[in-house]
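# Chain and residue survey
Below, each chain spelled out in residue letters.
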Amino acid sequence: MNDKNIDFYKKINLDKFKEFARLMGLDTKIDIDFIYPYIQSAKILVELGAGYGRVIEALLEKGFQGQIVAFERVSELMNHLRSQFDNEKFNRKITLIEADFKYYPFPEKVDVVLWLWSGFLEYSKIEQIQNVKRIYANLTDKGVLVIEIPIEVKHLGKHEDHQIIKVETEWGTIEAYMPRYEELLDYAAQAGFAGVERLDYATTTNLKRAIYIFRK
Ligand SMILES: C[S@@+](CC[C@H](N)C(=O)[O-])C[C@H]1O[C@@H](n2cnc3c(N)ncnc32)[C@H](O)[C@@H]1O
């Protein structure tokens, strides 16, 4: 499913991407404010699909001390990330990997995997389960996976049935599968996670969203 979405991110320009974040109320990085207590002591953190760098920026603003490894497969976005997060400038190590994270081995076991702003939804149900299992295998003993997705889809999204979402914009269409809470719990159990904590919140534009902390 998600390979069809590559074009959406290839064609979105940076201004549109940032405008999209503003519409969602995520430009303020409010999601990272909620997540930060759970991730701040990580020695190594992976972000899946870094986009224009919103999350890396938030981590740096918060003074995150761990190593950051960020995957992004769209070269236009990766070039932007490279220009923004030059290691010399920050005097610390940020590893940017231009690759499809589905096929790229993690460099080592990691303490935190962040999969924010609905990225998880861009996969079919089967792929979602496979991804959760693969992430579990790549986490350290006390590792956490953080998934952030909407509770209800109001903006730009249209429910084709209850769970298949299509977002149509002038630069492309994105398809997504919205798992129910029980399905997420089932994915976690299948992978071997000990539990899932759910934090409901509202973005700065008042969209209702949820953060799921999967604990090993
Ligand atoms: C909705 S954006 C989220 C960006 C960022 N995580 C944030 O919260 O601001 C999803 C990003 O993930 C990237 N992406 C999606 N699937 C990917 C994959 N399999 N490998 C690498 N990057 C991927 C997309 O190109 C896009 O930039």
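About the thresholds
- Residues numbered from 1 in each chain as written.
- Predicted model: local features only at pLDDT ≥ 70, side-chain atom pairs only at ≥ 80, totals over all residues.
- Heavy atoms only, no water.
- Salt bridge = Lys/Arg side-chain N within 4 Å of Asp/Glu carboxyl O.
- Helix = DSSP H or I, 4+ residues; strand = E, 2+ residues; numbered from the N terminus.
- Buried < 20%, exposed > 50% of the residue type's maximum accessible area, 1.4 Å probe, protein only.
- UniProt positions renumbered as here; feature names shortened; annotations may be inferred.
- Near = heavy atom within 4 Å.
- Polar contact = N/O pair within 3.5 Å; in protein donor to acceptor, adjacent residues only side chain to side chain.
- Nonpolar A, V, L, I, M, F, W, Y, C, P; charged D, E, K, R; others polar.
- Pairing = 2+ DSSP bridges.
- Right-handed = clockwise from strand over helix to strand, strands pointing away.
- Axes fitted to C-alpha atoms, helices over the stretch in contact; angles between N-to-C directions.
- Parallel < 35°, antiparallel > 145°, perpendicular 65-115°, else oblique.
- Left-handed = near helix turned anticlockwise from the far one by under 90°.
- Contact = heavy atoms within 4.5 Å.

Under an unreviewed UniProt entry, the name given to the protein chain is Methyltransferase domain-containing protein, and the source organism is Thermoflexibacter ruber.

## Looking at the pattern of salt bridges
According to the stated counting rule, one finds 15 salt bridges in the structure shown. Across the pair Glu19 and Arg22 runs a salt bridge whose closest N-O atoms are separated by 3.1 Å. Of this pair, Glu19 and Arg22 are both found in helix α2 (residues 14-24), three residues apart, which corresponds to roughly one turn of the helix. Classification of Glu19 as partly exposed rests on a relative accessible area of 38%. The shortest N-O distance in the salt bridge between Arg198 and Asp200 comes to 2.7 Å. One connected set of salt bridges, linked through shared partners, spans Lys29, Glu57 and Glu61.

## Quick look at the UniProt feature "domain: Methyltransferase" (unreviewed entry) in the protein chain
According to UniProt, the feature "domain: Methyltransferase" (unreviewed entry) maps to residues 46-143 in the numbering used here. Helix makes up 36% of residues 46-143 and strand makes up 23%, while its end C-alpha atoms are separated by 11 Å.

## Points about the site of the ligand
In the vicinity of the ligand there are 18 residues, among which Glu47, Gly49, Arg54, Glu72 and Asp100 approach most closely. Phe101 is positioned such that a nitrogen or oxygen atom in its backbone is 3.1 Å from a nitrogen atom of the ligand. In the environment of the ligand, a nitrogen atom lies 2.9 Å from a nitrogen or oxygen atom belonging to the side chain of Tyr123. Tallied by class, the residues present in the shell around the ligand amount to 11 nonpolar, two polar and five charged.

## Here we look at the pairing of strand β2 (residues 67-71)
When you tally the buried positions in β2, you get four out of five residues, the bulk of the element. Judged from the five bridges that link them, strand β1 (residues 44-48) and β2 form a sheet pairing that is parallel. When the bridges of β2 are listed, Val46 appears paired with Val69. With helix α4 (residues 54-61) bridging β1 and its parallel neighbour β2, the resulting β-α-β unit is right-handed. Across four bridges, β2 lies against strand β3 (residues 94-97) in parallel orientation. Bridge assignment links Ile68 to a residue of β3, and that residue is Ile94.

## Structural notes on the packing of helix α3 (residues 30-39) against α4
In the contact formed by α3 and α4, the axes pass within 11 Å of each other and the chain directions differ by 60 degrees. Regarding the angle of α3 to α4, the classification is oblique. The two elements α3 and α4 meet at a crossing, and its hand is right-handed. Note on element contacts: α4 touches α3 through Arg54, Val55, Ala58 and Leu59, opposite Asp31, Ile32, Tyr36 and Ile39. Of the residues assigned to the contact of α3 with α4, the class counts are six nonpolar, no polar and two charged.

## Topic: the environment of Ile97
Here Ile97 lies in strand β3. The buried category is assigned to Ile97, whose relative accessible area is 10%. Separated by 67 residues in the primary sequence, Ile97 and Ile30 place their C-alpha atoms 25 Å from one another. Beyond its immediate stretch of four places on either side in the chain, Ile97 contacts Val69, Ala70, Phe71, Glu72, Met78 and Tyr104.

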